[in-house]
Amino acid sequence: MSGAVCPGSFDPVTSGHLFVFERAAARFDELVITVMVNPKKSGLFTIPERIALLRETTSHLPNVRVDSWQGLLVDYVRSQGMDTIVKGLRGAVDFEYELPMAQMNRDLTGAETIFMLTDPRLAHVSSSLVKEVATLGGPVTEFLPPVVHEQLLAKLSAR
């Protein structure tokens, strides 16, 4: 059985993330989407909220599991008995950022990183940009799964 881990902060999960999840899930027996916890950062959504949104938006993918982890990604990958990391790329800037981490992860444990390109129509979309546009009242519906859009608007209106 082949499996892979797809890590990220997912604050919030976007349609670009979902595009990568669907493609990766089609190529592995199991895909574990892992919310990486950075105790030095506080996101808009809590870790349990992100996990719930990820579970809901990937519920149509039977071989996807959602989890969270604080610490080295390769330790998590190893704990799951896997040796593949899937990272979504929007463009060259993402590649430049991800390449050294992929090389370090391989050096530390032999884990290979597979890069998957997002839908070109979503290459400009990031969680940070979506939050910024939504905070300023701009339309972000087309960049988010419906449940995420609804929760983002609710979260922003409660501020």
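Residues numbered from 1 in each chain as written. Predicted model: local features only at pLDDT ≥ 70, side-chain atom pairs only at ≥ 80, totals over all residues. Heavy atoms only, no water.

### Some words on the packing of aromatic side chains
Pairs of aromatic rings are described using the distance from one ring centre to the other and the angle between the two planes. Scanning the entire structure with this criterion turns up three aromatic pairs. An angle of 70° between the planes, with centres 5.5 Å apart, marks the rings of F10 and F21 as edge-to-face. In this pair, F10 sits in the loop between β1 (3-8) and α1 (15-25) while F21 sits in helix α1, placing the two residues eleven residues apart along the sequence. Relative to Y76, the ring of W69 lies with its centre 5.2 Å away and its plane at 50°, an arrangement referred to as tilted. For Y76, a relative accessible area of 1% gives the class buried. (Phe/Tyr/Trp six-rings, centres within 6.5 Å; stacked < 30°, edge-to-face > 60°. Helix = DSSP H or I, 4+ residues; strand = E, 2+ residues; numbered from the N terminus. Buried < 20%, exposed > 50% of the residue type's maximum accessible area, 1.4 Å probe, protein only.)

### Regarding the pairing of strand β5 (residues 112-117)
For strand β4 (residues 84-89) and β5, the ladder comprises six bridges, and the chain directions are parallel. Across the sheet, I85 pairs through a bridge with T113, a residue of β5. (Pairing = 2+ DSSP bridges.)

### Quick look at the layout of surface pockets
Approximately 1400 Å³ is the volume found for the largest pocket. Residue lining of the largest pocket: 45 residues in total, with P7, G8, S9, K87 and E98 positioned closest to the centre. For the lining of the largest pocket, the secondary-structure elements that each account for two or more residues are β1, α1, α2 (47-57), β4, α4 (92-109), β5 and α5 (127-135). Classifying every residue of the lining of the largest pocket gives 21 nonpolar, 16 polar and eight charged. (1 Å grid on protein atoms, 1.4 Å probe; cavity = no way out; pocket = protein on both sides within 12 Å on 5 of 7 lines; lining within 4 Å. Points joined across faces, edges and corners; volume = space filled by probe spheres on them. Nonpolar A, V, L, I, M, F, W, Y, C, P; charged D, E, K, R; others polar.)

### A look at the UniProt feature "domain: Cytidyltransferase-like" (unreviewed entry) in the protein
Here, the residues flagged by UniProt with the feature "domain: Cytidyltransferase-like" (unreviewed entry) are residues 5-132. Along residues 5-132 one finds 41% helix and 23% strand; the C-alpha atoms at either end are 28 Å apart. (UniProt positions renumbered as here; feature names shortened; annotations may be inferred.)

### Let's talk about helix α6 (residues 146-157)
Here α6 is twelve residues long and its end C-alpha atoms lie 17 Å apart, about the 16 Å a rise of 1.5 Å per residue gives. Buried within α6 are the following residues: V147, V148, H149, L152 and L156. Buried residues along α6 sit in contact with α2 and α5. (Expected span 1.5 Å × (residues − 1). Contact = heavy atoms within 4.5 Å.)

### What about a nonpolar patch on the surface?
A contiguous nonpolar patch, built from L72, M104 and L108 and spanning about 300 Å² of accessible area, is present on the exposed surface. In this structure, L108 sits in helix α4. (Patch = residues over 30% accessible without salt bridge, like charges linked within 9 Å, V, L, I, M, F, W, Y side chains within 5 Å. Areas by Shrake-Rupley, 256 points an atom, 1.4 Å probe, with all protein chains shown as cover. Salt bridge = Lys/Arg side-chain N within 4 Å of Asp/Glu carboxyl O.)

### What about the packing of α2 against α6?
At a minimum axis distance of 10 Å, the contact between α2 and α6 shows a crossing angle of 155°. Of the possible angle classes, the one that applies to α2 and α6 is roughly antiparallel. Residues E49, L53, E56 and T57 of α2 form the contact with α6, whose participating residues are V147, V148, Q151 and K155. (Axes fitted to C-alpha atoms, helices over the stretch in contact; angles between N-to-C directions. Parallel < 35°, antiparallel > 145°, perpendicular 65-115°, else oblique.)

### Re the pattern of salt bridges
As enumerated under the stated definition, the model contains eight salt bridges in all. One salt bridge connects D11 with R50, and the closest N-O pair in it is separated by 3.7 Å. Taken together, the residues D11 in the loop between β1 and α1 and R50 in helix α2 connect sequence positions 39 residues apart. In this structure D11 comes out as buried when scored by relative accessible area, which is 6%. Its salt-bridge partner being D94, residue R90 comes within 2.9 Å of it at the nearest N-O pair. One network of salt bridges, in which partners are shared, links D11, R50 and K131.

### Structural notes on the UniProt feature "site: Transition state stabilizer" (unreviewed entry) in the protein
In the UniProt entry, the feature "site: Transition state stabilizer" (unreviewed entry) is given for H17. Inspection of the secondary structure puts H17 in helix α1. Setting aside residues no more than four positions away along its own chain, H17 makes contact with F10, P12 and S127.

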